[in-house]
Amino acid sequence: MAPRYRDDEDFEYEYDEYEYDDYEYDEPRKKSSSGRSSSSSGKRKNSGNAVASRSGSSSRKKTSSGGKKSSAKGSSGKKMSAKAKAKKKRKRILLFVGEILLLAVMLLVLWGVTRTEKVGYLEIPEEEIVINEGVSEEQVEIMKGYRNVALFGVDSTVGALTKNTRSDTIMVASINQDTKEIKLVSLYRDTFLNLGNDKYNKCNAAYASGGPKQAISMLNANLDLDISEFVTIGFAGLIDVIDALGGVPMDITSAEITHLNSYQYCIAENLKRDYTPVTNTGMQVLDGMQATGYCRIRYTKGDDFRRTERQRDVLKAIMEKAKDVSPSQLVEIANNVFEEVYTSFGLTEITELLGEASQYRVVADDGFPREDMRWTGNIGSPGDSIVPNDLVSNVSWLHEFLFDESGYVPSTEVQGYSDHITEVTNKYKR
């Protein structure tokens, strides 16, 4: 019999160095300052030209007073006609208008860049995403009818969303493009898998060492999926979203209250925010801090398996509350939390998705590996882990669950990963 699974949150990873685009939060003020500096620079150049013009005029005056011949010839030119003066004036006005338009375009572009960067936008080239070549063409066509998105909740209270932070939550949201039905699957963070680079460890090490690109590659490699889109959110972002929606209803047990309050106390301390302890059991509306603390509970019956259920319950509650909010309000909420989000979705896509929020509904959710297809225990260097009995069987079940496709035969890549996992962990199985 396998020993009781112990969630080892403090397990230290040795991070490999991966190079990918880091998102840096730019302060709008700095960009505005840069814009003013550029404008000021233009003024200095005009000032310089004016000085040169005055200098040239002074020089001509001296020449004129220097001798009668120069004076006579210098003043012999015809005076500019009224028509020529009007033409010159129109030319100056057109140049001025052109400069104003150019400045307006530059400011518009700057605004657009600032807004996009504020989202924490990361475009991932297709060639940088691992998708198993062994996946059949038929299966590829089936998955085209679904939008598979990776959802990451990172163990961060200070906005570190891109790297060197553990993915406390790993989910796949599979959206049926025709029906708008959503199925959610939590990948248990301590599951021993291929990280998408032929290294094996707990799966949340993928995000810690290589950010969303590596984490997506890990999901695609082990699960035969075609994910290319993701959303990552930290504690502050989750809190602000829930608060903006007016809280979420949750049924709290007596076993959960102490842990919930302990977690929200720690989060509040790190974020320098206030919190309100939960004092009663039963169905109640939790605010952002309380709900985030609830998502982190793992020391009750069910350990990390129960925690992922809580996380899915909170996500489903958020989606239900969002249906009661207008698209314009949702866009406003999104604007307010963009600094706590890192995503492959651009602003246009986000706005479109929020506009269709009322059409989506979660019809099923579960965890991976499946309960009757896994075992837990200490497997040496990685520590206490969750191990699939057979990765192939788990992936076959997953495709049936997500895509209503029975009898799916996993790729040769998944079969190879499955064999390796069994080979290196079998000696620890009891």
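The present account deals with the structure reproduced in this document. (Residues numbered from 1 in each chain as written. Predicted model: local features only at pLDDT ≥ 70, side-chain atom pairs only at ≥ 80, totals over all residues. Heavy atoms only, no water.)

Time to look at the overall build of the protein chain. Scanning the protein chain for helices and strands turns up 13 helices and 12 strands. When burial is assessed residue by residue, the protein chain has 43% of its 430 residues classed as buried. When contacts within the protein chain are restricted to residue pairs at least 6 apart in sequence, those whose partners lie at least 24 apart make up 74%. A total of about 23300 Å² of accessible surface is found on the protein chain, and carbon and sulfur atoms cover 51% of it. (Helix = DSSP H or I, 4+ residues; strand = E, 2+ residues; numbered from the N terminus. Buried < 20%, exposed > 50% of the residue type's maximum accessible area, 1.4 Å probe, protein only. Contact = heavy atoms within 4.5 Å. Areas by Shrake-Rupley, 256 points an atom, 1.4 Å probe, with all protein chains shown as cover.)

Moving on, we come to the side chain of Ser 418. Locating Ser 418 in the fold gives a position in helix α13 (residues 412-425). In this structure the side chain of Ser 418 is engaged in a polar contact, spanning 2.9 Å, whose partner is the side chain of Asp 390. Contact partners of Ser 418, with chain neighbours within four places excluded, come to Asp 390, Leu 391 and Val 392. (Polar contact = N/O pair within 3.5 Å; in protein donor to acceptor, adjacent residues only side chain to side chain.)

Let us now look at the environment of Asp 168. By the element assignment, Asp 168 lies in strand β2 (residues 167-176). Looking at Asp 168, the relative accessible area reads 7%, which means it is buried. When the C-alpha atoms of Asp 168 and Arg 189 are compared, they prove to be 6.8 Å apart, with 21 residues separating the residues in sequence.

When the charged atoms of two side chains with opposite charge come close together, those side chains can pair. All chains considered together, the criterion is met by 21 salt bridges. Close ionic contact of Glu 349 with Arg 147 constitutes a salt bridge, the shortest N to O distance being 3.3 Å. A residue pair is termed long-range when its members are at least 10 positions apart, and Glu 349 in helix α11 (residues 347-355) and Arg 147 in strand β1 (residues 146-154) qualify at 202 residues. Owing to a relative accessible area of 21%, Arg 147 belongs among the partly exposed residues under this scheme. Residue Glu 309 pairs with Arg 306 through a salt bridge whose shortest N-O separation is 3.4 Å. Of this pair, Glu 309 and Arg 306 both sit in helix α9 (residues 303-322), three residues apart, which is roughly one turn of the helix. (Salt bridge = Lys/Arg side-chain N within 4 Å of Asp/Glu carboxyl O.)

Here we take up unusual backbone geometry. Here the bond from Phe 368 into Pro 369 is cis, since omega is 0°, no more than 30 degrees from zero. One can find Pro 369 in the loop between β10 (361-368) and β11 (374-378). Positive phi values are uncommon outside glycine, yet Asp 198 reaches one of about 65°. The exposure class of Asp 198 is exposed, given its relative accessible area of 62%.

Quick look at the packing of helix α10 (residues 327-337) against α11 now. Contact geometry of α10 with α11 gives a least axis separation of 9 Å together with a crossing angle of 140°. One element, α10, and the other, α11, form an angle in the oblique class. By crossing handedness, the relation of α10 to α11 is classed as right-handed. For the pair α10 and α11, contact is made by Pro 327, Leu 330, Val 331 and Ala 334 and by Thr 351, Leu 354 and Gly 355, respectively. Split by residue class, the contact of α10 with α11 holds five nonpolar, two polar and no charged. (Axes fitted to C-alpha atoms, helices over the stretch in contact; angles between N-to-C directions. Parallel < 35°, antiparallel > 145°, perpendicular 65-115°, else oblique. Left-handed = near helix turned anticlockwise from the far one by under 90°. Nonpolar A, V, L, I, M, F, W, Y, C, P; charged D, E, K, R; others polar.)

Pairing is mixed across the open sheet formed by six strands, whose spatial order is β9-β6-β1-β2-β3-β10. In the strand order of this sheet, the two ends are held by β9 (341-343) and β10, each with one partner. Each strand axis lies, on average, 20° off the axis of its neighbour in the sheet, ignoring direction. Alignment of strand β6 (residues 229-233) against β9, held across three bridges, turns out to be antiparallel. (Pairing = 2+ DSSP bridges.)

Attention now goes to the nonpolar core. In terms of nonpolar packing, the biggest core is built from 47 residues, with Phe 152, Leu 219 and Phe 368 touching the most fellow members. Going through the elements one at a time, β1, β2, β3 (181-187), β4 (192-194), α5 (205-223), α12 (391-403) and α13 are the ones with two or more residues in this core. Examining the composition of this core, we find that nine residues originate from one element, α5, more than from any other. Counting 26 residues, the second-largest nonpolar core is a separate cluster that includes Val 241, Ile 242, Leu 260 and Ala 322. (Core = buried A, V, L, I, M, F, W, Y, C linked by side-chain atoms within 4.5 Å.)

The two faces of the sheet receive side chains in turn, since in a regular strand these alternate between them. Burial within β11 is extensive, with four of its five residues counted as buried. Strand direction decides the pairing type here: β11 and strand β12 (residues 384-388), joined by five bridges, are antiparallel. When the bridges of β12 are listed, Thr 376 appears paired with Ile 386. Hairpin connection, β11 to β12: the antiparallel pair is bridged by five residues, and Gly 380 has positive phi, about 95°.

With that settled, consider the packing of aromatic side chains. What the rule picks out here adds up to seven aromatic pairs. Against the face of Phe 401 rests Lys 183, its NZ or CZ located 5.7 Å from the ring centre. Lying across the ring of Tyr 294, Arg 310 places its NZ or CZ 5.8 Å from the centre. (Phe/Tyr/Trp six-rings, centres within 6.5 Å; stacked < 30°, edge-to-face > 60°. Lys NZ or Arg CZ within 6 Å of the ring centre and 35° of its normal.)

Bringing helix α8 (residues 288-296) into the picture now. α8 sits mainly inside the fold: nine of its nine residues count as buried. Every buried residue of α8 is accounted for by Gly 288, Met 289, Gln 290, Ala 291, Thr 292, Gly 293, Tyr 294, Cys 295 and Arg 296. At its buried positions, α8 is contacted by β2, α6 (235-244), β7 (248-252), α7 (254-271), β8 (282-286) and α9.

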